[in-house]
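Structural overview
Residues per chain are reported as follows:
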Amino acid sequence: MIATKTLPISEIQELTVGSSSVEESPPRNGSFALRFAQTQVIKISSSSPITSGSFYLELEYIDLEMSILQGDGHFRKRTMKTPCIPFGAPPDLLKKFIEDEALINPLGKDSVEVSRSGDGTADSSFGYEYTIKFIGGKYRGHMQQFKVIYHVSGLDTSTGKSTCIEFDSSSKHVTIDISTSNDGKALGTDTPYVKIAINTEDTIYSGYFALIIHHLGKAFETPCLPWNSDAGFVKEELESLPNVDSVRVFRRGNGLLSDDHFAIKDKIQNIQFMIGESPNKIKLATRRSSSLTIKEMLKPGCHLQFLGQLDNKQFYKVLDVDESEAVLNSDIAIDLETFQATIHFNYEFFIFFDGQGMHPTETGIPSFFPSSSFSVSANNCSSFLTLKKNISTRSYDVIKSSDAIDIITTLYDGGSSIPVHSGLNSMRVSSFLMPIISPSFNKPLFVMERPGSIAGSTIYTINFGENFGNMDELLCNPNREMVLSSIQCTVNTIVDGNMISGYFYVGSSMLLSYNATAKQMEEAINSIAGIKDAQVSKMNIDDLGSCQWMITFHGNLGDVEDIAITEFLLGKNSTISVTEIRKGNQLDGTFQLLYKEKLSNHIPYNVSATTLKSAIEEIGFFNTIYVSEIDYYPESGKTYLVTFMDYNLGDIELLTPLYGSLRGIGATVSVREIIKGSDTSANKLHISFLLPKGCSESQVSAGGCGSPITNMRVEIAGSKDFPMADLIAKQIQPDYTTQVVRIVSQSFVRKQFQEVPISGSFQLKYDGHSTAHLPFNCGEIELRVALEELPGVTTVTIHRTYSTLQLGNAYVDLMVGSSIVRCSPSCSCNFLSSGLRGNDVVKIRDQWFRVLSSCQVTENDFQLGHISNSLIVEQYEAEDDTKQIPLQVWAGGYEWIITFNEWEGELQMLSSPQHDLYPLDSSLDINLLDCNKCLTVNNLHVWSDYFVRVNAKNKLGWGTYSEVVHVITKSIPSVPSNLRVDALSGSCIEVSMFLNKYEETSTIIIEWDTL
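Position labels on residues start from 1 in each chain and follow its written sequence. At least 70 in pLDDT is required for a residue's local features to be given in this predicted model, at least 80 for side-chain atom pairs to be given and counted, and no such filter applies to totals for whole chains, interfaces and linings, which use all residues. Computation of side-chain values: all heavy atoms of the structure, hydrogens and water removed.

1. Observations concerning the overall build of the chain
Helix numbers and strand numbers start at the N terminus; a helix is a DSSP run of H or I with at least 4 residues, a strand a run of E with at least 2. Counting its regular elements, the chain contains 11 helices and 74 strands. Overall size of the chain, expressed as C-alpha extent along the three principal axes, is 130 × 85 × 60 Å. Split into buried and exposed, the 1011 residues of the chain put 46% on the buried side. Note on contacts: a residue pair qualifies if any of its non-hydrogen atoms lie within 4.5 Å across the two residues. Partitioning the contacts of the chain with sequence separation of at least 6, the portion at a separation of at least 24 is 66%. A 1.4 Å probe and the Shrake-Rupley method give the accessible areas. Residues count as covered only by the protein chains that appear here. Carbon and sulfur atoms form 50% of the exposed surface of the chain, whose accessible area is close to 50,100 Å². One way to put it: in the chain the 80 positive side-chain charges average out to a point 3 Å from where the 117 negative ones average out. Throughout, exposure labels follow a simple rule: accessible area from a 1.4 Å probe, protein chains only, divided by the maximum for the residue type, with under 20% read as buried, over 50% as exposed, and the rest as partly exposed. Positive charge is attributed to Lys and Arg, negative charge to Asp and Glu, and no charge count is given to His or to the chain ends. Think of each charge as sitting on NZ of Lys, CZ of Arg, CG of Asp or CD of Glu.

And the structure:
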């Protein structure tokens, strides 16, 4: 792992509010806004000196006043275009061209602030860098990015004037890159926002709501949004509305009211509560003039917990709140006189309307008022459904319960909202700034006030804390009333927060930025001599620029030397380090196989299938075996499938591996039985059956048995009522050697198009010890490392694939060589109404496909596409046609087949604590492999009727029996007798024989030859 870190230093800025005159202290009228201006960077660079050239800039922006005047719900836009800007132009010239001398639509005086860095030499890539900050009151929030034209010359048809001169350099390679340095962070106290909290003590199964925006004289409504939509999806739907130009959306919570680290649990800072006039009421324990009222802190529908409450799992719901007290849904059980509170939500969406078109006009008057122009509606959407525990069935029922769901909105209109009157104080400044600085309210902000040097002025010192890094300087925009009353506000940075910047090298790589992407780091690592197929994931640690890059060396066997780092990082005490998380491992050496006291020769660790076949045959007991390689592992391990083909060999003992000469951490050889052998006999039965799913100590699907299988029982009798006198009972101990961890979501299967799969994390537990939180799509190596770190687990092998569920009751037919999947005649599949669409992932038998994107799915058929490209038709290839096979579809998650190769003590069943997977109906079960001829029953009567049933046991007892299967014991036909051959002509013979009339014969093979 490569990691950077730096010393946390708090950013400190000072806000000064007061008169512009030393002699007088005018009355304080008006208000102002504090905001972070959007900053764009124009970088000119070349691989050789630039001798001449020029360029011009274009900027499309919203004419907000005209848009409001038109009132048709659509934005009116203008385009500013500068004259040609010569290479090396001073920043004042660029500012003048943008504000005053633009060819069309200049932005106006004091709209932007421009600075320039670089000197045109090799140290600055033979170019310059311009930083443009939008400081004017008309250009607040998120702006469109500048466009640059620099590579043409001639006549500009839009203006009738000459265009710019093409850049000249010896390399003929000049680039102008434009970027937004604080993209998504151009927020301020003038930015309107809403908070939408979804609250219930029930477990939400599904539900939808829509957002209605009334802006620019017209209302538009989003489509119905799933209650647990991710932030990006909400942003996309809002920005598709014609009267919304840009939003920034945060979502937090895990859908449950709980104390875990993914749930919302907001402590109400520095506030003590006490019991009110009755036991079900609370009020503030202390009141200060600068404090918020209880009505400003709490809203009806909020769920609270109190520090010190007697039942730590109870949540108290706020039913009503006024200026002095809040009414709760039940009496508070607590022994403390005063106590603190935490607010809990299932989900909270924080939506900033950060677009230029949603901000105030130049005068500071809001253009969009969420308090009157924003609403949440569920009237035309599917009702909320919740899960209720059914005590009698030990499962969950899905019920309609919209009345139990509270959707709580907090609405803020923005604008010049900070008043300059005498009521302004440090707490108020902090409360205005907190939402834009830390929307999740998980980072403290400290504000102190003191008198300024000019009479009547006040200085507010804003300490952003150590966790924010180097902040942009706040910008103060007064409204017209404040300007007319000669009151000014200014902001100055006193101490810059510390933050990492600069560059570094890894080995002999190209130069990497301090915040290099995972892809850039991966390319750099793989460019080092001797490194092959390294894979990199990246995590941003904090807002100080600290990063971690986790590197897995898939293509390098054994241990890899630490990577050399050469760093040129900036920022006080900024460092970069390389840490070995896990040593590389590689198999080496030999092993032997033992069978009935006869030992094979030494077999190399990387033996081929052909050589292993010879080694086993040389032991002396087997004449014909078949060996194939079915898996390869990155540390040179392999899995072989060995099939013993000798006639009437029967059920043989397992080969015993001896691997003392095998080298490598956790090196082992394991042998397990896949299919039990049996000799040919008319008085035996081979038994196979499917094991029940969801029998694991984990968050299983509704109806799962929820406890591991400890025993299985097979009963055989001569009649279907299974009389005791005739009963044969066999018990089978479950084989924990291979365990299948599966994550599925029923709601994902029901969606139209397989979008927004399962997300979140989970843990696995072995013998009381848990792994760290693992991502929902955990890779094979990542999961293997996590399990092998648990006490008692030595070596496992893991194979990952998609998880599946059957699509309703769909059974399908499919012919070899065809791509058309048809519903079996006796079934009702309803492919289309069940949500199956083009590009969806499906599984038929053991083959994966996608639904062909260009095909029209109907209720009864669809066409197959290639798993990697659903535009390509894929034909079904198999030994025979498929008839009445269940159609499996991707269940939104993954399935990990975990084989335990070596362990300590008695092998245990894996379990999983409560997961943090979304959607909330996601389930995690741990299953065993089905019985594939795992039992042979001997000494039965030949050609007799038998009835077979199976049941399983866990710690709760024996389960119900399976359906009864009827079978007749049979054997292969005996040798035909009385063979007779008669010549009928020179080219024709007649063959006759006697067959046993009590035996079923399906095929007769006649062989002949010539002399």
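2. Thoughts on the sheet that holds strand β30 (residues 347-352)
The pairing of strands in a sheet happens through backbone hydrogen bonds and is either parallel or antiparallel. If DSSP finds at least two bridges between two strands, the strands pair. In spatial order, the strands read β21-β30-β16-β34; together these four strands make up an open sheet with antiparallel pairing. Looking at the sheet topology across the chains shown, the edges are occupied by β21 (248-252) and β34 (406-412). On average, each strand axis in the sheet is tilted by 15° relative to the strand beside it, whichever way the strands run. Strand contacts of helix α3 (residues 231-239): β21 and β30, with the helix running at about 150° to β21, the strand carrying the most contacts. Axis definition: a line fitted to C-alpha atoms, over the contacting stretch in the case of helices. Angles run 0 to 180 degrees between N-to-C directions.

3. Remarks on the nonpolar core
Ranked by size, the top nonpolar core spans 45 residues in total, and within it F689, V714, F762, L783, L787, W896 and I898 carry the most contacts. Among all residues touching L787, those that are not within four sequence positions of it are L764, T771, V793, V796, I798, I898 and L910. To define a nonpolar core, start from buried Ala, Val, Leu, Ile, Met, Phe, Trp, Tyr and Cys residues and group those joined through side-chain atoms within 4.5 Å. Counting residues in each nonpolar core, the second largest holds 33 residues, with F75, F353, Y918 and L920 among its members.

4. Points about the side chain of N425
Within the secondary structure, N425 is located in the loop between β35 (418-419) and α6 (426-437). The exposure class of N425 is buried, given its relative accessible area of 16%. A polar atom in the side chain of N425 sits 3.1 Å from the backbone nitrogen of M427. Within 3.5 Å is the distance limit for a polar contact, defined as a pair of N or O atoms, with the added protein rule that one can donate a hydrogen and the other accept it, and that residues adjacent in sequence qualify only through two side-chain atoms. At a separation of 2.9 Å, a polar atom in the side chain of N425 contacts the main-chain amide nitrogen of R428.

5. Things to note about unusual backbone geometry
Look at D110: it is not a glycine, yet its phi comes out positive at around 55°. With respect to the secondary-structure elements, D110 resides in the loop between α2 (91-99) and β9 (112-117). Positive phi is not limited to glycine here, since L216 has a value of about 60°. By the secondary structure assignment, L216 is in the loop between β18 (208-215) and β19 (218-221). The buried category is assigned to L216, whose relative accessible area is 5%.

6. Describing the state of the cysteines
Any cysteine sulfur atom paired with another within 2.5 Å is treated as part of a disulfide. For the structure on display, the rule yields five disulfides. Residue pairing for C224: its cysteine sulfur links by disulfide to C381, the two sulfurs lying 2.1 Å apart. Between C224 and C381 the disulfide shows an S-S torsion of about -90°. By sign, it is left-handed. Here C224, found in the loop between β19 and β20 (225-226), pairs with C381, found in the loop between β31 (374-377) and β32 (385-390); they are 157 residues apart in sequence, far enough to count as distant. Here C476 pairs with C489 through a disulfide, and the sulfurs are 1.7 Å apart. Across the S-S bond linking C476 and C489, the dihedral sits near -95°, which makes this disulfide left-handed. Of this pair, C476 sits in strand β38 (residues 475-478) while C489 sits in strand β39 (residues 487-495); the two residues are 13 residues apart in sequence, bridging distant segments of the chain. Across this residue pair, the class does not change: C476 and C489 are buried.

7. Considerations on the sheet that holds strand β41 (residues 512-513)
Pairing within the open sheet is antiparallel, and its three strands lie in the order β41-β40-β44. The strands lining the two open edges of the sheet, one partner per strand, are β41 and β44 (565-570). Taken together, the two bridges between strand β40 (residues 501-506) and β41 define a ladder with antiparallel strand orientation. For F504, the partnering residue across the bridge sits in β41 and is L512. Most of the contacts of helix α8 (residues 518-526) go to β40, to which it runs at about 30°, and overall it touches β40 and β41.

8. Focus on the pattern of salt bridges
A pair is scored as a salt bridge if a Lys or Arg side-chain nitrogen falls within 4 Å of a carboxyl oxygen belonging to Asp or Glu. Applying the stated rule across the entire model yields 26 salt bridges. As a salt-bridge pair, R428 and E296 come within 3.8 Å of each other at their nearest N and O atoms. Pair noted here: R428 is in helix α6 and E296 is in helix α4 (residues 294-297), with a separation of 132 residues, a long-range link. Classification of R428 as partly exposed rests on a relative accessible area of 30%. Its salt-bridge partner being K676, residue D651 comes within 3.4 Å of it at the nearest N-O pair. Taken as a pair, D651 in the loop between β50 (638-644) and β51 (656-658) and K676 in the loop between β52 (662-663) and β53 (685-689) lie far apart in primary sequence, 25 residues in all.

9. What about the confidence of the model for the chain?
As a per-residue measure, pLDDT tells how confident the predictor is, with possible values from 0 to 100. Chain-level pLDDT for the chain is 87 on average; 93% of the residues reach the 70-or-more range. Low pLDDT (under 50) marks residues 390-396, which in the prediction has 13 contacts with non-local residues, meaning those over four places away or in another chain.

10. Considering the packing of aromatic side chains
Stacked, edge-to-face and tilted are the three classes for Phe, Tyr and Trp ring pairs, Trp counted by its six-membered ring, which pair at centre distances within 6.5 Å; planes under 30 degrees apart are stacked, over 60 edge-to-face, the rest tilted. The final tally for this structure, using the stated rule, is 33 aromatic pairs. Judged by centre distance (4.9 Å) and plane angle (55°), the rings of Y595 and F622 are tilted. Of the two residues, Y595 sits in strand β46 (residues 588-595) while F622 sits in the loop between α9 (609-617) and β49 (625-632), which places them 27 residues apart along the sequence. Comparing Y595 with F622, the two get one shared label, buried. In this structure an aromatic cluster arises from ring pairing among F748, F762, Y802, W848, W890, Y894 and W896. When the ring centre of Y894 is taken as reference, the NZ or CZ atom of R800 above it lies at 4.2 Å. Whether a charge sits over a ring comes down to the Lys NZ or Arg CZ being within 6 Å of the ring centre and within 35 degrees of the ring normal. Between R949 and the ring centre of F722, over which it is positioned, the NZ or CZ distance is 4.0 Å.

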